[in-house]
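# Analysis of the macromolecular model
Letter by letter, the chains look like this.
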Amino acid sequence: MDRRSLIKHAGIAGVLAAGVAPAVHAQQAMRWRIASSFPKSLDTIFGAAEVFAKKVGVLSGGKFTITVHAGGELMPPFGVLDGTSNGTVEMAHTAPYYFFGKDPTYALDCAIPFGLNSRQMTAWMYQGNGLSLMREFYANVGIVNFPMGNTGAQMGGWYRKEIKSLADMKGLKMRIGGFGGKVLERIGAVPQNIPGGEIYQSLEKGTIDAAEWIGPYDDLKLGFNKVASHYYYPGWWEGGPQLTLFVNKKAYDGLSSEYKAMIETAAAYAHTDMQAKYDAKNPGALKTLVSQGTKLHPFPADVMNAAFKAAEEIYAELSASNPAWKKIYADFSAFRRDQNLWFRFTEMAFDSFMQRQKL
């Protein structure tokens with residue numbers, strides 16, 4: 001009986017009794033690095049890469065070691081795509097919409113304005129065609145991608161002055177990541193793409209008039225409420241932003257099937273863990289912000305309507321000019337249509353009722 005057959009039929013207890021070590025112990029020791037786009041101070045979004053690395057270490061019995069490096073340690077926060085593609089590092093953890101300037105299609109692996117919520121995004125990736133379509137796209141730059149985290153629907157950011165109508169968006173200098181800036185630009189704002197670690201100073205100095213990051217837990221840590229008092233919702237540009245693990249394809253192809261399975265398993269674990277942390281930590285943080293004087297506002301209806309119209313116009317233009325976008329967005333938008341129909345009768349109806357109750 002060969003080794004594989006022995007393991008299959010005897011089970012782990014029988015294997016150990018027979019003196020044969022499980023396959024993981026025969027694996028070659030590996031040491032990789034993962035470059036994050038985020039600062040260490042954000043234990044939720046940066047922490048997802050640490051959770052992933054730790055899980056790989058446990059699954060491999062310490063044979064596969066991955067060190068995690070914050071944005072700026074090995075390369076700039078927005079340099080991780082090129083760094084992984086060219087093999088400077090084996091892995092990166094980032095928000096792919098940061099790279100929409102290279103190709104807007106990257107944003108479909110994270111979030112686009114008025115896109116999918118977090119559950120819908122996970123469904124599209126794992127049970128729809130999302131993962132296979134994005135894998136095909138990433139193959140062009142030598143990267144294998146894995147979903148690894150989601151913040152859930154985000155807040156709409158911090159504003160030094162109140163936004164009472166669409167007119168107040170005109171000329172507004174706002175830090176915003178990814179594709180949302182394109183839509184804001186079309187409705188009159190001036191988007192700024194600034195890494196998370198530099199937002200506070202820019203807002204404090206008045207270099208920008210507004211800034212969005214994620215939500216209460218991270219925003220409180222970053223201190224945005226100290227330099228802007230108006231906090232808007234919802235973050236219509238990020239209804240369910242997914243973070244992604246980039247793996248250099250050559251490095252990945254050189255791994256054993258067991259190590260590949262560990263990466264997939266650990267990424268899926270970190271994917272779930274990250275949103276669970278945000279969902280658990282955001283309510284208390286929001287209460288703290290309000291107690292410290294933060295003023296909560298919904299976006300005016302004319303802002304929401306103008307932004308939605310602008311987003312749809314941009315998507316149509318991209319579908320006419322970008323073949324990669326057209327192919328993936330067609331599948332994405334069809335999935336979104338069906339998901340919204342379903343959620344109308346379930347999630348939305350349930351949530352709407354529960355949020356009117358005195359609990």
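## So, helix H11 (residues 301–321)
Helix length check: H11, at 21 residues, gives a terminal C-alpha distance of 31 Å against a target of 30 Å (1.5 Å per residue), a fit within 8%. Taken together, the buried positions of H11 are Val-303, Ala-306, Ala-307, Ala-310, Ala-311, Ile-314, Tyr-315 and Leu-318. Looking at the buried residues of H11, the elements they touch are helix H6 (180–186) and helix H12 (323–345).

## Concerning unusual backbone geometry
In the segment running from Tyr-233 into Pro-234, the intervening peptide bond is cis, with an omega of -5°. Tracing the sequence through the fold places Pro-234 in the loop between strand S9 (230–233) and strand S10 (242–248). With phi around 60°, Phe-114 is a residue other than glycine that occupies positive phi space. Here Phe-114 shows up in the loop between strand S3 (91–94) and helix H4 (118–126). Residue Phe-114 is classed as buried on the basis of its relative accessible area, which comes to 17%.

## Quick look at the packing of aromatic side chains
Taken as a whole and assessed by the stated rule, the structure comprises 30 aromatic pairs. Taken together, a centroid distance of 6.3 Å and an interplanar angle of 75° make the contact between Phe-99 and Tyr-106 edge-to-face. Its relative accessible area of 4% is what places Tyr-106 among the buried residues. Between Trp-236 and Trp-237 the ring centres are 4.7 Å apart and the planes differ by 80°, which places this aromatic pair in the edge-to-face class. Comparing Trp-236 with Trp-237, the two get one shared label, buried. Three or more aromatic residues link up through ring pairs in this structure, and these residues are Phe-38, Phe-78, Tyr-97, Tyr-98, Phe-99, Tyr-106, Phe-137, Tyr-138, Trp-213 and Phe-246. The aromatic ring of Tyr-269 is capped on one face by Lys-55, whose charged end is 4.2 Å from the ring centroid. Taking the ring centre of Tyr-252 as reference, the NZ or CZ of Lys-260 above it sits at 5.2 Å.

## Thoughts on the nonpolar core
Counting 107 residues, the largest nonpolar core has Phe-52, Leu-245 and Ile-263 as its most contacted members. A per-element tally of this core places helix H10 (residues 257–291) first, with nine residues.

## What to know about the sheet that holds strand S5 (residues 157–159)
Overall, mixed pairing links the six strands, which are arranged S7-S6-S8-S5-S9-S11 in an open sheet. The strands lining the two open edges of the sheet, one partner per strand, are strand S7 (190–192) and strand S11 (295–298). Direction of pairing for strand S6 (residues 173–175) relative to S7: parallel, over a ladder of three bridges. Directly across from Arg-175, in S7, lies its bridge partner Gln-192.

## Some points on the side chain of Thr-244
If you trace the backbone, Thr-244 turns up in strand S10. On the accessibility criterion, Thr-244 (1% relative accessible area) is buried. Separated by 2.9 Å, the side chains of Thr-244 and Asp-109 make a polar contact. Each residue touching Thr-244, except ones within four places of it in the same chain, is listed here: Ala-92, His-93, Thr-94, Pro-96, Asp-109, Asn-145, Phe-146 and Met-148.

## Here we look at empty space enclosed by the protein
Rolled over the atoms, a probe as big as a water molecule pinpoints where empty space is left. If you walk through the whole model with that rule in mind, you get two cavities of 30 Å³ or more. Estimated volume of the largest cavity: approximately 100 Å³. Along its surface, the largest cavity is lined by 15 residues, and Ile-45, Tyr-97, Tyr-98, Gln-154 and Glu-238 are the ones closest to its centre. For the lining of the largest cavity, a count of residues per class yields ten nonpolar, two polar and three charged.

## Observations concerning the packing of H4 against H12
Two measures define how a pair of helices packs: the angle their axes make with one another and the distance between the axes. Orientation of H4 relative to H12, taken along the N-to-C sense of each, is 130°, at an axis distance of 10 Å. What the angle tells us is that H4 and H12 run oblique. Seen along the crossing, H4 lies across H12 with a hand that is right-handed. Side by side, H4 and H12 meet where Arg-119, Gln-120, Met-121, Ala-123 and Trp-124 of the first sit next to Ile-328, Asp-331, Phe-332, Phe-335, Gln-339, Asn-340 and Phe-343 of the second. Broken down by class, the residue content of the contact of H4 with H12 amounts to seven nonpolar, three polar and two charged.

Rules of the game
Residues numbered from 1 in each chain as written. Predicted model: local features only at pLDDT ≥ 70, side-chain atom pairs only at ≥ 80, totals over all residues. Heavy atoms only, no water. Helix = DSSP H or I, 4+ residues; strand = E, 2+ residues; numbered from the N terminus. Expected span 1.5 Å × (residues − 1). Buried < 20%, exposed > 50% of the residue type's maximum accessible area, 1.4 Å probe, protein only. Contact = heavy atoms within 4.5 Å. Phe/Tyr/Trp six-rings, centres within 6.5 Å; stacked < 30°, edge-to-face > 60°. Lys NZ or Arg CZ within 6 Å of the ring centre and 35° of its normal. Core = buried A, V, L, I, M, F, W, Y, C linked by side-chain atoms within 4.5 Å. Pairing = 2+ DSSP bridges. Polar contact = N/O pair within 3.5 Å; in protein donor to acceptor, adjacent residues only side chain to side chain. 1 Å grid on protein atoms, 1.4 Å probe; cavity = no way out; pocket = protein on both sides within 12 Å on 5 of 7 lines; lining within 4 Å. Points joined across faces, edges and corners; volume = space filled by probe spheres on them. Nonpolar A, V, L, I, M, F, W, Y, C, P; charged D, E, K, R; others polar. Axes fitted to C-alpha atoms, helices over the stretch in contact; angles between N-to-C directions. Parallel < 35°, antiparallel > 145°, perpendicular 65-115°, else oblique. Left-handed = near helix turned anticlockwise from the far one by under 90°.

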